[in-house]
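Report on the structure
Take a look at the letters that make up each chain.
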Amino acid sequence: MIRLEKFDVIIVGSGLAGLTTALELSEDGKTVAVLEKHKVIGGRTSSWDEDGMIVESGFHRHIGYYEELPKILKKVGVEVDDIVQWEEQIDVRIKGSKNKASFGISPVFGPIDTIKGIIGNNDILSPKDKFSLIAFFTNGFLEIVKNPEKLDKYNVREFAEKYEVSENALHYVVIPLSAGIFFLPPERYSAKVFFGLFLPGIPRFYKLRIGAYLGGMTEVLAKPLAKHIVKNNGIIKTDINVKGLILDEDMVKGVKLEDGSEIFAKHVVVATNLGGAKEILRGHFLNHPSFENLFALPTMPAVTIQMEFEKPILPVDRTTFGPLTSLASFAEQSRSTFTHVPGRLSVILTPPEKFLDMNHDEILKHVQKDGRELGLDLESGLMNYRVVSHPEDFHSLEPGNDHLRPDQKTPIEGLVLAGDYTRQPYFATMEGAVRSGLYAAKIVLEE
């Protein structure tokens, strides 16, 4: 069947990049159609019912210094303060004991906790350990401003060794801030990405804190945006698998669907993750010089385990890190995101490749064993669990890859890219996805 619909813009992917693009264009009066491959909208910020258990695409947090994401939400009537529970502290669990270190991360909203974190925790981090971090952070932030490409030649461990960071400081500060956020060990984590993630927060340090979302990501983020797009006469369709583009003399005219039908448009914005973009573009531009970087940019996976218990595992819902274990970062969520169950723990696993092909029961046992190392009982009272795997969830954040991130504006008339893997100031974050969506809409409107 041939579909004869004609739109101003087709947007492939309903993550934050695609929804932001659609919102901006529909606000400008353009006719837009958002096509989503999966059954729910939200992309990497989605949630759904999986065989009776509510799960999410990952373990998500809102960073207080984000600028464009709050603006986009406000545009559709959502205030960030109404959909997050703010945290002014993070915890670092110590392998081999029940001890933990708590660090204040909000110098304005939680100044006392911030000071306590710096001068306290001396049983875990000695003053010498803390002092060893000064040169590391000072030179890292100087390099990311002056010579970021040079910084991308180092991994985090190499850069830490260059400035003689102590092993304790590496394990209980640097690794939580690297592997705990993007689940790569410091040996594989680009120093440019590490410092680039935190750089935007320096001029906005007064906004710094972490927000736990008060509900599933599809509910609190994607649906309010989608509702506004539909209100602007946009169309959003799920379970639609785009297999390729319609080309006419190097001009994009629409998309081809898996069922053989076609939908036409003046512009197509590919707003999938990097793996999805490669799949759609491969048949047309694999050998095109302008797409060489995109196809050369590696992807990396993400794996989480999400567990329900008869009671909370942790005394507070707070972002927690488990360095030297497979539990990169995790949090109790029964008082914030998933209040319908008595206990809920979501865990990002590291390194993710190790768990991609592992039997889910084996993953559970592995996590329970590492949980014991951190003083956590993840066996008693376990009611349910799910493993959520994404083989190509992010673009690779390993050294030497950042220069491969593609521009959003392509040389192909009618084709625009969006997604946090594209060349914009943020690395693989919700803020980066939104910014790419804003710029994609701008490109379309200028053309």
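Above this note sits the structure.
We now turn to the structure provided with this report.

The rules behind these values
Residues numbered from 1 in each chain as written. Predicted model: local features only at pLDDT ≥ 70, side-chain atom pairs only at ≥ 80, totals over all residues. Heavy atoms only, no water. Patch = residues over 30% accessible without salt bridge, like charges linked within 9 Å, V, L, I, M, F, W, Y side chains within 5 Å. Areas by Shrake-Rupley, 256 points an atom, 1.4 Å probe, with all protein chains shown as cover. Salt bridge = Lys/Arg side-chain N within 4 Å of Asp/Glu carboxyl O. Helix = DSSP H or I, 4+ residues; strand = E, 2+ residues; numbered from the N terminus. Buried < 20%, exposed > 50% of the residue type's maximum accessible area, 1.4 Å probe, protein only. Axes fitted to C-alpha atoms, helices over the stretch in contact; angles between N-to-C directions. Parallel < 35°, antiparallel > 145°, perpendicular 65-115°, else oblique. Contact = heavy atoms within 4.5 Å. Nonpolar A, V, L, I, M, F, W, Y, C, P; charged D, E, K, R; others polar. Pairing = 2+ DSSP bridges.

A few words now on a nonpolar patch on the surface. A cluster of nonpolar side chains, Val108, Phe109, Phe205 and Tyr206, forms an exposed patch at the surface whose accessible area comes to about 380 Å². Mapped onto the secondary structure, Phe205 falls in the loop between α9 (191-198) and β9 (210-213).

As a further point, take unusual backbone geometry. Of note, the amide linkage connecting Thr350 to Pro351 takes the cis form, showing an omega dihedral of -10°. Positive phi is not limited to glycine here, since Asn233 has a value of about 75°. Residue placement: Asn233 occurs in the loop between α10 (217-231) and β10 (235-237). Take Asn233: its relative accessible area is 66%, and that puts it in the exposed class. Within the chain, Asp250 stands out as a residue other than glycine whose phi angle is a positive 60°. By secondary structure assignment, the location of Asp250 is in the loop between β11 (242-247) and β12 (252-257). Take Asp250: its relative accessible area is 56%, and that puts it in the exposed class.

Right, let's talk about the packing of helix α2 (residues 68-75) against helix α15 (residues 430-446) for a bit. Direction vectors running N to C along α2 and α15 enclose 65°, while the axes themselves pass 8 Å from each other. Here α15 runs roughly perpendicular to α2, going by the angle between their axes. Facing Glu68, Leu69, Pro70 and Ile72 of α2, the residues of α15 in contact are Met430, Glu431, Val434, Arg435 and Leu438. Looking at side-chain class alone, the contact of α2 with α15 contains six nonpolar, no polar and three charged residues.

Under the counting rule described, the total for this entry stands at 25 salt bridges. For Lys71, the salt bridge goes to Glu68, with nearest N and O atoms at 3.7 Å. On the criterion of helical spacing, the pair formed by Lys71 and Glu68 is a turn pair, its members being three residues apart in helix α2. Salt bridges sharing common partners tie together Glu67, Arg204, Glu431 and Arg435.

Attention now moves to the pairing of strand β17 (residues 343-349). Of all seven residues in β17, seven are buried; the element is thus mostly enclosed. Burial along β17 is two-sided: the residues Gly343, Leu345, Val347 and Leu349 and Arg344, Ser346 and Ile348 are all buried. Judged from the six bridges that link them, strand β14 (residues 299-309) and β17 form a sheet pairing that is antiparallel. Bridge pairing in β17 links Glu308 to Arg344. Inspection of the sheet shows strand β16 (residues 327-332) paired to β17 by five bridges, in the antiparallel sense. When the sheet's bridge partners are listed, Ala331 is paired in β17 with Ser346.

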